[in-house]
Structures are given as structure tokens and as C-alpha cells.
Amino acid sequence: MQWEVVIGLETHAQLNTNSKIFSGASTAFGAAPNAQACAVDIALPGVLPVLNRGAVEKAVKFGLAIGAKINRKSIFARKNYFYPDLPKGYQISQFELPIVAEGELTIQLPPSTSSGQGYEKTVRITRAHLEEDAGKSLHEDFHGMTGIDLNRAGTPLLEIVSEPDMRSAAEAVAYAKALHSLVRWIGICDGNMQEGSFRCDANVSVRPKGQEAYGTRCEIKNLNSFKFLEKAIEFEVRRQIELIEDGGRVVQETRLYDPDRDETRSMRSKEEANDYRYFPDPDLLPLVVDEAFLDAARKTLVELPREMCERFEKELELSHYDATTLTATFDRAIYFDRAVMSLGNKNAKLCANWVTGEFSARLNREGKEILFEATRDKWLLVDPASQSSKQEDLPELPISPSQLGKLVVRIADGTITNNIAKKVFDAMWAGEGDADAIIEAKGLKQVSDVGAIEKIVDEILAANPGQVAEYRSGKDKVFGFFVGQAMKASKGKANPAQLNEILKKKLAG
Amino acid sequence: MTLALDDVKRIAHLARIEVSDQEAEGYLKQLSGIFALVEEMQAVDTTGVEPMAHAQEVTQRLRDDAVTETDLHAAFQAVAPQTEDGLYLVPKVIE
């Protein structure tokens, strides 16, 4: 039997406000336990929540960025359940009327061995609503007790719910990455997955290919890396298919992914609690977003990925493929954009080749990704597989956008050949300095002196009379041999165009 | 809609309220009375009336995104049953 996989994602993006969603306590990460949990956050009797304008603005910005409908009136509701890290006994969330409704996000699937050609797909986003985060439970080392830190309680979250539009783990990952890129792009979330600022729940089901009705789904909770998201979905799909093929039935339930054992497990304790008895929170009035508020939010929006992509195609004359590849992640897009700024539009294509080529290849080889930290204006190297490293501990990217720009300029103006540039790039990556300094120190300047190239060519022709005769008798292919010899003799520095011209002239006799 | 004794016990459990069988019987009567009242109200034609989320015709005031609170955890924790290293301690909860 052929099976089709159906996936929908619920993503929690922590909004990067200074203060909490309903109180004036700080949201800074890493404070001493409970130092940032005020009377509202710990639910002392008599306190009242007051909504943070910044959180509303960020939610609206997200809605605008995905072309969604912004509900002019939205309602906060209480989601009731008991857990020690939820002091009020309910979470303030939005239920019937969320602030953002019906948007969409276009994702890019790269060419791969399993899916063949790359393709684009639009994933519908059902809604995005504002809610507060819970505190943290620490289960170890308190002589049989659980420790509760409420610093995170009340941190603003935007829960983004997709339609079940994804049909493979790869599509789910592409969607999560595009969303992650977008929230960082528009500056509403720092996207730090190690610190839990961006985490996904995946709803997964399978159905026989061609069947319209959805199968029974399971929800996998709290996936905080793209790798885990992919592995958890792949495991869950296998589990469900095997279960059904063995005559069993999938039971709707919440499951947890265990990365150590690479499997998902039923989370039974959540089952009976799944009756949240939502009702409108009487402490909060309906939230009304008027035209002026929308306009103000619109004005703070930066150029969006799809807009930047169009600009790259139109103004920089890049191909659609190059433009979409370059704007697939916030960091690479900004990197490229800044590199081009430093060297001028006319060399954009060459610069794109370098960013998608040598630069990306180097990152792939080292298993690293670049990270732009806007607040410090720093470029960092991050290991996407690592869970532990803090942002301030990350190493700096050895080649800044303007440094890469300077290298590309030297190729464009004929100072070095493209091949020599790779050597310079390696030296720059190793921290040996700017392109110009390396070219100078290593004597890598391209030889464009006609006399010097002629001298090399003369010597080679003299040393290889056999090949010269072959060429002159009509064997054009030998031409490559001469180019190779001349390049070797010039240590790769001969200007290729000039070399070709001189060779042709001399060989013609 | 009719309510059974099991429903009462389930609602009590969800709200973490301990009720004896005898109390549950009493609540069943009271809750059924409320439900009957609601049923009566259902007879009113509400076509075209927008559902209310709040009893007052006012909208939510917003505050600026600024940190205004200071660290008062020592004062708060003075009345907590048990604390350690700044953490509130509660009976062990584990998945």
C-alpha cells in the first residue's frame, strides 16, 4: 500500500519584548531563579493583567508579513489546567478570536535524492494567537521535591498554527525553517532554539494515497531543533504505518520525542487533562486594533524575504533560483545584501556565485551556519546540531560581508583569477587578513602583462613541438594542454582571457 | 442537556475540588437548575446579536513595553511553604 503523510505544525515563537505580556517584569534570559517573576506572574491575589503594546505590535507585524487577515477585535481566554509551573491554574491565551487569521508562507524545497527536483509550495497558516508562557519545573536535586522557577511565566508567545498542508518530514522542516527565518527577519523573535525561543509541535497522520479523509493524528510536543523535528516525524510516520499494516489502529494522543533513543513515546499524563474549559478572561477586555495601529506596524516592517527576492531578480538581475536560494534564510540574505552593497550592483552575479558556491560549501563542510546578531552587529558561526552553546560564546565568522565583497572586487577587476581567489578565500577563512593583504603577501596578482605571458607561451611551445604539430594538423583539443601548461608555469596567475588570445595567435604560427 | 453524577465528579476533578458522593448529589441538583435556566434563555432569538466577550462596552488598554518591576522574590518567598536557592519547592511532579 502507498501511504501519504499529512503534517501540520504548531509553532511557539517567543516575542522579543523587554517586558512580559501582562506585567512589567523583565523577560531577559538567564536571570537568577524567580528574580523576574513579579506579583502578576506568580498570581498573587488581587493582581490584574495589563496587555503589553509591544507584544501586540509584533503579532500584527507577523500577520502583515504572511499576508494574513488581522482581526480588528480579538479576545483573550483562559485555558484551564493544573501544573505547578502555571501559578494561576490557567494560561491566558486566545481561543475563538485570535489576533491573526488566515495567512500563508511559501517554502522552497531544494533538489534532493528522494524528491528529485526542487520545488516551491505554499503552506496555509490557519491562525496565530498571543499567549503567555509557563514557568519552568526543575526535577533534579531537590531531595525529592520539584523546584519551580517562574521567570519565564508570562513571557509573550505567538503560537502559529499551520493547516495540515505538509506531505513529508522535509516539507515540515522547510516550513519550520522558513518560519524561523521570517520571525527573525521581521525582528519579532530572536529564534534562539537552544534557549527555547522557537519550538514546534507536529501533528502527524498517514492515509492511503488517494484517500481524502485524514487518518487519526498524533501530536509530538516540544521539538526544539530542526533535526529533531525531522527525525521525530520520520519515526512517527514509520510507527503509524507499521501499526496500521499490522492490523492496529492509531490512537489520538500526545507523544514526546526522545532524541537519545530516536523514538516517540506516549505522554499519558496529558490525556485526561485535555479538557481546557476555555472561556473569555474577565480580567481582560477585547483587544481592538484600529487602522492607525495597523499603519504604524506596517511602517516598521523591513523588506520581506519575497520582496528582497524580487529586488534581487529585478535590480541585481539574478536568476529566480539564485534569488530564492539567497533569501531562504535571513542571515545569508543579509550577508549577501551587505556584500553587494560594498562592491556595487554590477558584480552581484559574481558575488551570488561566491555566496552560494565557495562560501556555502565551506559552511557545509564544517557543518556550520552563519548567524547575524543584529544587536551587536556581529557575524557568528553556529553549529546547528549543537544544543548547548550560548550566543556570546560563539566564534565570529572569519569573513565579513564587506571582506568577501573586497575579494569579489579583486576578481572582477582582474587582479586575481577565480581559481586564485579560492586560495585567497581559504587564507581569509584561516584569519590571515583581508584579500588585498593576502594577495600582496603571497604574490598572487594576476599576470596581465602581455610580454610576460608571451614569454611563458613561447617557452611552452618550444618545449612541446609534438603537440604544436598536432594542433596545427587540426587537433583542436590539444589547446587545453597548452592552457594547462601555461597556467602551471604562471602558478595560476595568468589572465585567462589574455592567455587564450596569445596562445591562439602563436599557435596559428 | 441533562447532567449525570459522573459529570459532576469529572468537573470537580478537573477543578481539583474534592467532593464526597453526598456533596456531589447536592451539586448535581444545583447545577441542573442552572442548566435549566440556561435552556430557558436559549429560547430568546439572538439572530444578528454579536456574542459578548465582556460585560462592558470598553476595549483593552495597552501599556508600553517597559520593565517597571523590581526583584521582590525574597518578600514573595517569605510566605511560601518551602523554597531553596530562590526556587519554590513543590511535591515532585514528573512526566
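Please read all numbers here as calculations on a predicted model, not as lab measurements.

**What about the packing of aromatic side chains?**
Residues and elements named next belong to chain A. For the coordinates displayed, the defined rule picks out 16 aromatic pairs over all chains. Here tyrosine 335 and tryptophan 379 contribute two aromatic rings whose centre-to-centre distance is 5.2 Å and whose plane-to-plane angle is 90 degrees, an arrangement assigned as edge-to-face. Here tyrosine 335 is found in helix α7 (residues 330-343), whereas its partner tryptophan 379 is found in strand β19 (residues 378-382), with 44 residues between them in sequence. Tyrosine 335 sits in the buried class, given a relative accessible area of 0%.

**Considering helix α2 (residues 169-185) of chain A**
Between its first and last C-alpha atoms α2(A) spans 24 Å; for 17 residues at 1.5 Å apiece the expected length is 24 Å, and the two agree. At the C-terminal side of α2(A), Gly187(A) shows a positive phi close to 70 degrees.

**Side note on the side chain of Asp85(A)**
Residue and element names in this part refer to chain A. Tracing the sequence through the fold places aspartate 85 in the loop between β5 (76-80) and β6 (90-94). Nearest to the buried, unbridged aspartate 85 among oppositely charged side chains is arginine 152, at 5.6 Å. If near-sequence neighbours (up to four positions away) are discounted, aspartate 85 is found in contact with Ala134, Gly135, Lys136, Ser137, Ile148 and Leu150.

**What about the pairing of strand β3 (residues 87-91) of chain B?**
Where burial is concerned, most of β3(B) is hidden: 4 out of the 5 residues are buried. Judged from the 4 bridges that link them, strand β10 (residues 145-149) of chain A and β3(B) form a sheet pairing that is antiparallel. Bridge pairing links Ile148(A) to Tyr88(B) in β3(B). The pairing of strand β2 (residues 83-84) of chain B with β3(B) spans 2 bridges and is classified as antiparallel. From the neighbouring strand, Thr83(B) faces β3(B), where its bridge partner is Tyr88(B). Between the antiparallel neighbours β2(B) and β3(B) lie 2 residues, among them Asp85(B) with a positive phi of about 50 degrees.

**Section: the packing of helix α5 (residues 305-314) of chain A against α7(A)**
Pairs of packed helices are described in terms of their axes, by the angle between the two and the distance that separates them. Residue and element names in this part refer to chain A. Relative to each other, α5 and α7 sit at 35 degrees, their axes nearing to 12 Å. Like other packed secondary-structure pairs, α5 and α7 cross with a definite hand, here left-handed. Between α5 and α7, the contacting residues are Met308, Arg311 and Phe312 on the first element and Ala333, Ile334, Phe336 and Asp337 on the second. Residues belonging to the contact of α5 with α7 are distributed by class as follows: 5 nonpolar, no polar and 2 charged.

**A closer look at helix α1 (residues 53-65) of chain A**
All names here are of chain A. Its 13 residues give α1 an end-to-end C-alpha distance of 18 Å, which sits within 8% of 18 Å, the value for a rise of 1.5 Å per residue. Of all 13 residues that make up α1, 11 are buried, and the element is covered over most of its length. Of the positions making up α1, those classed as buried are Gly54, Ala55, Val56, Lys58, Ala59, Val60, Lys61, Phe62, Gly63, Leu64 and Ala65. If you check the start of α1, you find a side-chain oxygen 2.8 Å away from the backbone N of glycine 54, and it comes from asparagine 52. Among the residues trailing α1, glycine 67 stands out with phi positive, at a value near 60 degrees.

**Some thoughts on the pattern of salt bridges**
If you walk through the whole model with that rule in mind, you get 41 salt bridges over all chains. A salt bridge links Asp133(A) to Arg199(A), with the shortest nitrogen-to-oxygen separation between them at 3.1 Å. Here the residue Asp133(A) occupies a position in the loop between β8 (119-132) and β9 (136-138), and Arg199(A) occupies one in strand β12 (residues 198-208), the gap between them amounting to 66 residues. Neither residue differs from the other here; Asp133(A) and Arg199(A) are each classed as buried. For Asp21(B), the salt bridge goes to Lys9(B), with nearest N and O atoms at 2.9 Å. With Asp21(B) in helix α2 (residues 21-42) and Lys9(B) in helix α1 (residues 5-14), this residue pair connects regions lying 12 residues apart in the sequence. A single salt-bridge network, built from bridges that share partners, covers Glu236(A), Arg239(A), Glu253(A) and Arg255(A).

**With respect to the interface of chain B and chain A**
Listed by partner, the interface residues are 37 residues for chain B and 54 residues for chain A. Summing both partners gives a buried area of about 4100 Å² for chain B against chain A, and 58% of it is carried by carbon and sulfur. Three residues, Gln60(B), Leu62(B) and Arg63(B), lead the burial of chain B against chain A; their summed loss comes to 18% of the area buried on that side. Where chain B meets chain A, there are 3 salt bridges. Between Lys73(A) and Glu50(B) there is a salt bridge; the shortest N-O distance is 3.4 Å. Applying the counting criterion to the chain B and chain A interface returns 23 residue pairs in polar contact (both at pLDDT 80 or more). Of all elements in the fold, only α1, β1 (62-63), α3 (73-77) and β3 of chain B reach the threshold of two or more residues within the side of chain B that touches chain A.

The rules we used
- Residues numbered from 1 in each chain as written.
- Chains lettered and ligands numbered in written order.
- Predicted model: local features only at pLDDT ≥ 70, side-chain atom pairs only at ≥ 80, totals over all residues.
- Heavy atoms only, no water.
- Phe/Tyr/Trp six-rings, centres within 6.5 Å; stacked < 30°, edge-to-face > 60°.
- Helix = DSSP H or I, 4+ residues; strand = E, 2+ residues; numbered from the N terminus.
- Buried < 20%, exposed > 50% of the residue type's maximum accessible area, 1.4 Å probe, protein only.
- Expected span 1.5 Å × (residues − 1).
- Lys, Arg positive; Asp, Glu negative; His and termini not counted.
- Salt bridge = Lys/Arg side-chain N within 4 Å of Asp/Glu carboxyl O.
- Contact = heavy atoms within 4.5 Å.
- Pairing = 2+ DSSP bridges.
- Axes fitted to C-alpha atoms, helices over the stretch in contact; angles between N-to-C directions.
- Left-handed = near helix turned anticlockwise from the far one by under 90°.
- Nonpolar A, V, L, I, M, F, W, Y, C, P; charged D, E, K, R; others polar.
- Polar contact = N/O pair within 3.5 Å; in protein donor to acceptor, adjacent residues only side chain to side chain.
- Buried area = accessible area lost by both parts, 1.4 Å probe.

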